[in-house]
Amino acid sequence: MIKYNSLKSAAIVALMAGSLNSAIASDKNHSLFIEAAMVDIDQEYGDTNFLGSDKGVLPGLGYAYKIELAHQYFIKPGLVVNFSDIEIKDTDGTSDSSKFSSMHSIYADFGKKLNNNFSAYATLGFTKATLQRDEPSSSYSSSATDSGATIGLGFTYHVHKNIDLDLKYQTTDIAFRLKDDSTKFNTSIDALKLSAAYKF
């Protein structure tokens with residue numbers, strides 16, 4: 001009887017594991033996506049000295065994994081790399097400028113599936129970016145890599161079982177501290193992101 005019960009329990013566990021693996025596979029929780037981020041970057045030297053601003057469109061590549069919870073809620077951690085060549089010219093009439101290279105973000109979306117076509121979510125994460133500061137007026141050049149908190153809101157349109165379209169607004173604040181300069185370059189990055197994801 002003990003051997004029979006053990007075999008029965010093993011069979012039930014195996015069946016449950018198989019069902020779980022099948023559910024995970026069928027839910028297509030992995031996704032690869034491409035995005036276009038329309039960004040508006042403002043920069044201040046210290047707390048009050050406005051340096052300048054610029055706008056641009058940054059392409060990006062990313063990966064996310066969706067964890068489904070009860071009552072249609074979900075958590076979707078992910079990462080994305082945006083490629084940047086935005087350069088902010090100072091407004092004081094000199095040729096001094098700040099240039100931003102690629103930005104790396106790690107985040108998690110906390111949301112709910114509203115119906116078969118739409119989901120809504122909030123985003124929380126961190127973004128790391130590199131600032132190259134060039135000041136020909138004083139023969140100064142330096143760079144810094146720093147990170148800051150990212151928050152945002154977004155909507156997903158489920159086009160097909162394998163395809164999602166996503167619209168997200170997010171904002172990031174990064175305080176860059178350059179070498180040999182104790183004053184921070186406070187940078188605000190507002191972004192409207194449109195992305196297309198392939199789920200598998």
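Residues numbered from 1 in each chain as written. Predicted model: local features only at pLDDT ≥ 70, side-chain atom pairs only at ≥ 80, totals over all residues. Heavy atoms only, no water.

Student: How should I be thinking about the pattern of salt bridges in this particular structure?
Tutor: A side chain with one charge can pair with a side chain of the opposite charge if their charged atoms come near. Throughout the structure, instances matching the rule amount to 6 salt bridges. A salt bridge links Asp109 to Lys168, with the nearest nitrogen and oxygen atoms 3.9 Å apart. Of this pair, Asp109 sits in strand E6 (residues 97-113) while Lys168 is found in strand E9 (residues 163-176), placing the two residues 59 residues apart along the sequence. Per residue, the accessibility class of Asp109 equals that of Lys168, and both read buried. (Salt bridge = Lys/Arg side-chain N within 4 Å of Asp/Glu carboxyl O. Helix = DSSP H or I, 4+ residues; strand = E, 2+ residues; numbered from the N terminus. Buried < 20%, exposed > 50% of the residue type's maximum accessible area, 1.4 Å probe, protein only.)

Student: How should the pairing of strand E2 (residues 49-65) be read in this particular structure?
Tutor: For a regular strand, the rule is simple: side chains alternate between the two faces of the sheet. The pairing of strand E1 (residues 30-45) with E2 spans 16 bridges and is classified as antiparallel. The residue of E2 that forms the bridge with His30 is Tyr65. Inspection of the sheet shows E2 paired to strand E4 (residues 73-82) by 5 bridges, in the antiparallel sense. Its bridge partner lying in E4, Leu61 is registered against Val81. (Pairing = 2+ DSSP bridges.)

Student: Just checking my understanding: could you explain the pairing of strand E10 (residues 185-199) for this structure?
Tutor: Sheet topology places E1 next to E10; 15 bridges connect them, and they run antiparallel. The partner of Tyr45 across the bridge, within E10, is Phe185. Alignment of E9 against E10, held across 14 bridges, turns out to be antiparallel. Looking at the pairing, Phe176 lines up with Phe185 of E10.

Student: Can you help me understand the nonpolar core in this one?
Tutor: For soluble globular proteins, the rule of thumb is that nonpolar side chains tend to be buried together. Formed by 18 residues in total, the largest nonpolar core has its most connected members in Val39, Ile41, Phe100, Met103 and Phe176. Counting only elements with at least two residues in this core, the list comes to E1, E2, E6, strand E7 (118-135), E9 and E10. Not counting residues within four places of it along the chain, the set of residues in contact with Val39 comprises Asp54, Lys55, Gly56, Leu58, Ile86, Ile189, Asp190 and Ala191. Phe33, Ala64, Tyr107 and Ala197 belong to the second largest nonpolar core, which has 5 residues in total. (Core = buried A, V, L, I, M, F, W, Y, C linked by side-chain atoms within 4.5 Å. Contact = heavy atoms within 4.5 Å.)

Student: Help me understand the side chain of Lys66 in this model?
Tutor: Positionally, Lys66 belongs in the loop between E2 and strand E3 (67-68). Despite its burial, Lys66 pairs with no opposite charge; the closest candidate is Glu68, at 4.5 Å N-O. Contacts of Lys66, omitting those with residues within four sequence positions, involve Asn29, Phe74, Ile75 and Lys76. (Lys, Arg positive; Asp, Glu negative; His and termini not counted.)

Student: Whenever I open this one, the confidence of the model for the protein chain confuses me. Can you help?
Tutor: Residues shown with low pLDDT carry predicted positions that ought not to be read at fine detail. The predicted model of the protein chain has a mean per-residue pLDDT of 87, with 86% of residues at 70 or higher. For the stretch residues 1-26, pLDDT sits under 50, and the model shows 2 contacts to residues farther than four places along the chain or on other chains. (pLDDT = per-residue confidence, 0-100.)

Student: Quick question: what am I supposed to make of the packing of aromatic side chains here?
Tutor: Any pair of aromatic rings gets described here by the distance separating the centres and the angle formed by the planes. Tallied over the full model, the rule gives 4 aromatic pairs. Directly above the ring of Phe74 sits Lys66, whose terminal nitrogen or CZ lies 4.7 Å from the centroid. In this structure, Lys168 is placed above the aromatic ring of Tyr107, and the distance from its NZ or CZ to the ring centre is 4.5 Å. (Phe/Tyr/Trp six-rings, centres within 6.5 Å; stacked < 30°, edge-to-face > 60°. Lys NZ or Arg CZ within 6 Å of the ring centre and 35° of its normal.)

Student: Just to check I follow, could you spell out the environment of Thr127 for this structure?
Tutor: Structurally, Thr127 can be placed in strand E7. Along the chain, Thr127 and Thr150 lie 23 residues apart, while their C-alpha atoms are 6.4 Å from each other. Contacts of Thr127, omitting those with residues within four sequence positions, involve Met103, His104, Ser105, Asp146, Ser147, Gly148, Thr150, Thr172 and Ile174. Within the structure, the side chain of Thr127 is placed 2.7 Å from the side chain of Thr150, a separation counted as a polar contact. (Polar contact = N/O pair within 3.5 Å; in protein donor to acceptor, adjacent residues only side chain to side chain.)

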